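Structural features, examined
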Amino acid sequence: MSFLGELWSFLRVRKKFWLAPVFLILVIFGGLIVLSQGSAIAPFLYPLF
Amino acid sequence: MTYILGISGLYHDSAAALIHDGDVMAAAQEERFTRQKHDARFPEHAIRYVLDEAGISLSDVDHVAFYDKPFLKFERLLETYVATAPRGFASFRVAMPIWLKEKLFLRRFLVKELQKLWPKFDMSRLLFSEHHISHAASAYYPSPFDEAVVLTIDGVGEWATTTLGIGRGSDLEILKEIHFPHSLGLLYSAFTHYTGFKVNSGEYKVMGLAPYGVPKYKDLILEKLVDVKEDGSFKLDQRYFNYTAGLTMTNNAFSKVFGERHRKPESDQLTQFHMDIAASIQAVTEEIVLRMTRAAAAEYGIENLCMAGGVALNCVANGKILRDGAFKQLWVQPAAGDAGGAIGTALAAWHQELGNPSLSHDGDQMKGAYLGPSYDTDQICAELDKLGAVYTTMTEDQMIAETAAAIANGKAVGWFQGRMEFGPRALGGRSILGDPRSPEMQKTLNLKVKYRESFRPFAPSVLREDVADWFQLDDDSPYMLIVADVAEARKKPMSAEDEALFGIDKLNVPRSEIPAVTHVDYSARIQTVHADTNPLYHRLITQFKRMTGCPVVVNTSFNVRGEPIVCTPEDAFRCFMGTEMDVLSIGNVILRKPDQDPALKEDYTSKYELD
């Protein structure tokens, strides 16, 4: 819950409410990807981080 | 009595730093303890070390500061995916698991890890600063200046890739930013990738390769890839890059511009083409940075410049900034990469969050970058005994005399003394030393000791009082972050035949009285050695000068290719036994290779993954 609170204040401070639905959709997609694979090993590429 | 612990990392090069009432007490990179290069894990060992150094526990620490803001980064990722959809799906697939499992919950993760050190640690002590604020703070607050323009340039933090700010007293304000995807660091990394080197470690190699080439593609890069304005601000044409949506830095359009595909390091040779490409991107980088510094000097009328961020490790560009004269003085944070963010975030918390004034000081506050662990003779002997090493204990004077004699006799000498350096450079704490007058020393060190590419140059350590006699520099460069040419009087004329040589063949021609540290364009990456910050190293070089007339030694980091710089006497002994190093000076103890049990030799050539 504290995470959602943090996220909400972040969107508020940054005035980026339009990101909320994008965030939700991407999290659903992302969640599916997480569920469909075990490890989180990625090639090193600056912009991903 | 306020202690602030700064933490950087979890992406690459994790590190910890401890400040006490604004004074930097200790700092170290996690890789030195775990022996895993660029270790990105939570810097547990580094934190334990900095707390031990101060003789405190985590419960005594008032604040813990982290060097960037993950939500802002995630915002950048999401907006980039939206902007590039559907092309970015491959990248999205790779990034999301990492973010959804770990990075988004960073606050909770940090608390959990810190509770392992002190179960009562709670969230209220945690502070976060933006990535480039951390860099800017690491550049300005420890600098010797009370007023300075502060320039940070790197790959990318949250959104910013370049920032320009002003530091005055304890205030530090960022005034201008260039945002992702337009990034000088990423442009340089794109060429690092294109020339077949590893991103985030091969950039030095591109810089070292550049003097072998001719910048014949500079105009092409400026025409096609990057649009640079008069004030140094720039935009990258994203049609030629793949890092916003893909999993590589460049794409086919990029290769087509230059007419060759990206070099595969395992199968493709380095050719004159790659040297020309390296020379070209180096020239473009210098052009952009010089335009920025000239414009900033003209706009703000301030004499001092501080720099940090990975691009500030480009010491060739730094030398040009200094010689350009737009700023009278330049100070570069020695740990200019992300590791230095640990110091920056802690100092930002002290001055900006807690509102404390700057400390009055002479010179900079990095203490020569000797901020890591040290070992006394008893500890050294105990470790060496455990390892079965054969050694001689002597007085400090004897150790210095013997080490200087070994260097003068052409030996490769391991020099492990005092506190370990913070930052990527070895500065006479954990170094391998050699005689710069020897024409073979560069090849010997590269191929028999460091096991790295033969084109890579070595750096000189020179007594500060003698620097102007040997190099075209009369400034402090204690952190090996300034490149300047060898003094005219020390250069050797080249024959017409020598002049006609191309590429790596040039390396074998001695071109000065100190060929081992003179690059093919007569340049050298200089470290000035100061009696007040490293008296022992200063005494060693003084003794070498007394014996040879030369106040310069070759100084390269104490490690082999791909290995983190040694941290403990044990690491030093293993590296000594794994390479063709002849002598090891460690505290007041000397080890000679022929005395050692051959059974203790290790195969070091394949022990570490190549960088």
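Attention in this report is confined to the structure presented alongside it. The structure presented is a predicted model; accordingly, all values stated were derived computationally and were not measured. (Residues numbered from 1 in each chain as written. Chains lettered and ligands numbered in written order. Predicted model: local features only at pLDDT ≥ 70, side-chain atom pairs only at ≥ 80, totals over all residues. Heavy atoms only, no water.)

Quick notes on helix H14 (residues 377–387) of chain B
All names here are of chain B. When we look at burial in H14, the residues that qualify are Ile380, Cys381, Glu383, Leu384 and Leu387. Around the axis of H14, the buried residues are gathered within 165 degrees of arc, so they sit on the same side. Summarising the geometry of H14, the exposed residues directed more than 90 degrees from the buried face are Asp378 and Lys386. Those residues of H14 that are buried lie in contact with strand E13 (392–393), helix H20 (569–578), strand E20 (583–586) and strand E21 (589–592). (Buried < 20%, exposed > 50% of the residue type's maximum accessible area, 1.4 Å probe, protein only. Helix = DSSP H or I, 4+ residues; strand = E, 2+ residues; numbered from the N terminus. Arc of directions from axis to C-beta. Contact = heavy atoms within 4.5 Å.)

Observations regarding the packing of helix H1 (residues 2–14) of chain A against helix H3 (residues 70–84) of chain B
The interhelical angle for the contact between H1(A) and H3(B), taken along N-to-C directions, is 70 degrees, at an axis separation of 11 Å. Comparing the axis directions of H1(A) and H3(B) gives the class roughly perpendicular. The chirality of how H1(A) crosses H3(B) is right-handed. Here Phe3(A), Glu6(A), Leu7(A), Phe10(A) and Arg14(A) of H1(A) come into contact with H3(B), specifically with Phe71(B), Leu72(B) and Glu75(B). (Axes fitted to C-alpha atoms, helices over the stretch in contact; angles between N-to-C directions. Parallel < 35°, antiparallel > 145°, perpendicular 65-115°, else oblique. Left-handed = near helix turned anticlockwise from the far one by under 90°.)

A closer look at helix H6 (residues 131–140) of chain B
In terms of burial, H6(B) is largely enclosed, as 9 of its 10 residues are buried. Contacts from the buried residues of H6(B) go to strand E6 (147–153), strand E7 (160–168), strand E8 (171–179), strand E11 (304–308), strand E12 (329–332) and helix H13 (341–353) of chain B.

Here's the deal with the interface of chain B and chain A
Taken together, the contacts link 42 residues of chain B with 29 residues of chain A. Across the chain B to chain A interface the summed buried area is about 3200 Å²; carbon plus sulfur atoms make up 76%. At the boundary of chain B with chain A, the tally comes to 4 salt bridges. Salt-bridge contacts for Lys16(A) lead to Glu75(B); the nearest nitrogen and oxygen are separated by 2.9 Å. For the interface between chain B and chain A, the tally reads 4 residue pairs in polar contact (both at pLDDT 80 or more). At the level of elements, H3, helix H4 (89–101), helix H5 (106–117) and helix H7 (184–194) of chain B are the ones that each hand at least two residues to the side of chain B that touches chain A. The element that contributes the greatest number of residues to the side of chain B that touches chain A is H4(B), accounting for 12 residues. (Buried area = accessible area lost by both parts, 1.4 Å probe. Salt bridge = Lys/Arg side-chain N within 4 Å of Asp/Glu carboxyl O. Polar contact = N/O pair within 3.5 Å; in protein donor to acceptor, adjacent residues only side chain to side chain.)

Details of the sheet that holds strand E2 (residues 15–20) of chain B
Residues and elements named next belong to chain B. Taken together, the 5 strands give an open sheet; going across it, the order is E3-E2-E1-E4-E5, and neighbouring strands pair in mixed fashion. Because the sheet does not close on itself, it has two edges, and the strands there are strand E3 (23–29) and strand E5 (126–128). Sheet twist, expressed as the mean angle between neighbouring strand axes with direction ignored, is 20 degrees. Taken strand by strand, H13 contacts strand E1 (3–8), E2, E3, strand E4 (63–66) and E5, and its axis lies near 140 degrees from that of E1. (Pairing = 2+ DSSP bridges.)

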